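# Fold and contact review
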Amino acid sequence: QVQLVESGGGLVQAGGSLRLSCAASGRTSIIFRMGWFRQAPGKEREFVASIMWSGGSTVYADSVKDRFTISRANAKNTVSLQMNSLKPEDTDVYYCAAKERSSNTYTYWGQGTQVTVSS
């Protein structure tokens, strides 16, 4: 199994920045790809960004492209999401997730971290 723990959420003013981190532990050798998702109450979970566990092949949602950057710190088994130029509509609970090579879906999820952007 893989355990994921997010950190770094908080309250920030519009235009500001936050950096989220996701620490992976357990059977990290089975991880193929890592992703960040976000969800507001009553809304569907939305894809934000993803990266290969090896560190390449990043993908971004159009809504965050050029503002958010996903990266991988190999030595620390950590994936980060640098969020710049934040907007009130970025307010959500952010989750990191891990996908195995053999799976089409993200199997492992963290507990989520709240990001609130004030106008």
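Coordinates for the structure precede this section.
Nothing here was measured: the structure is a model prediction, and the numbers come from that model.

## A few points about the overall build of the chain
Of the regular secondary structure elements, the chain holds zero helices and eleven strands. In the chain, the succession of helices and strands from N to C terminus is β-β-β-β-β-β-β-β-β-β-β. Counting only C-alpha atoms and orienting by the principal axes, one finds that the chain spans roughly 40 × 30 × 25 Å. Looking at the chain as a whole, 45% of its 119 residues qualify as buried. A sequence separation of at least 24 residues applies to 54% of the contacts in the chain between residues at least 6 apart. Carbon and sulfur atoms make up 47% of the accessible area of the chain, which amounts to about 6,100 Å² in all. Charged side chains in the chain number 13 positive and 9 negative. The centres of these two groups are separated by 8 Å.

## As for the pattern of salt bridges
Counting across every chain of the model gives five salt bridges. With its nearest N and O atoms 3.2 Å apart, the salt bridge here joins Lys 65 to Asp 62. Among the residues examined, Lys 65 registers a relative accessible area of 40% and is labelled partly exposed.

## Considering the nonpolar core
Counting residues in hydrophobic clusters, the biggest one holds 30 residues, and the most contacted among them are Leu 4, Met 34, Trp 36, Leu 81, Met 83 and Tyr 94. For this core, the secondary-structure elements that each account for two or more residues are β1 (2-7), β3 (18-26), β4 (31-39), β5 (46-52), β7 (68-73), β8 (78-83), β9 (92-100) and β11 (113-118). At four residues, the largest contribution of residues to this core is made by β3. Those residues in contact with Met 34 that lie beyond four places of it in its chain are Leu 4, Cys 22, Ala 49, Ser 50, Ile 51, Trp 53, Ile 70, Val 79, Ala 97, Ala 98 and Tyr 106.

## Here's the deal with the state of the cysteines
The full count for this structure, using the stated rule, is one disulfide. Disulfide partner of Cys 22: Cys 96, at an S-S distance of 2.0 Å. Of note, the bridge from Cys 22 to Cys 96 carries an S-S torsion of about 50° and is right-handed in sense. One end of the pair, Cys 22, is in strand β3; the other, Cys 96, is in strand β9, with 74 residues separating them in the sequence. On the basis of relative accessibility, which here comes to 0%, the residue Cys 22 falls in the buried class. For Cys 96, a relative accessible area of 1% puts it in the buried group.

Cut-offs applied
- Residues numbered from 1 in each chain as written.
- Predicted model: local features only at pLDDT ≥ 70, side-chain atom pairs only at ≥ 80, totals over all residues.
- Heavy atoms only, no water.
- Helix = DSSP H or I, 4+ residues; strand = E, 2+ residues; numbered from the N terminus.
- Buried < 20%, exposed > 50% of the residue type's maximum accessible area, 1.4 Å probe, protein only.
- Contact = heavy atoms within 4.5 Å.
- Areas by Shrake-Rupley, 256 points an atom, 1.4 Å probe, with all protein chains shown as cover.
- Lys, Arg positive; Asp, Glu negative; His and termini not counted.
- Charge placed at Lys NZ, Arg CZ, Asp CG, Glu CD.
- Salt bridge = Lys/Arg side-chain N within 4 Å of Asp/Glu carboxyl O.
- Core = buried A, V, L, I, M, F, W, Y, C linked by side-chain atoms within 4.5 Å.
- Disulfide = S-S within 2.5 Å.

These values are about where atoms sit, not about what they do.
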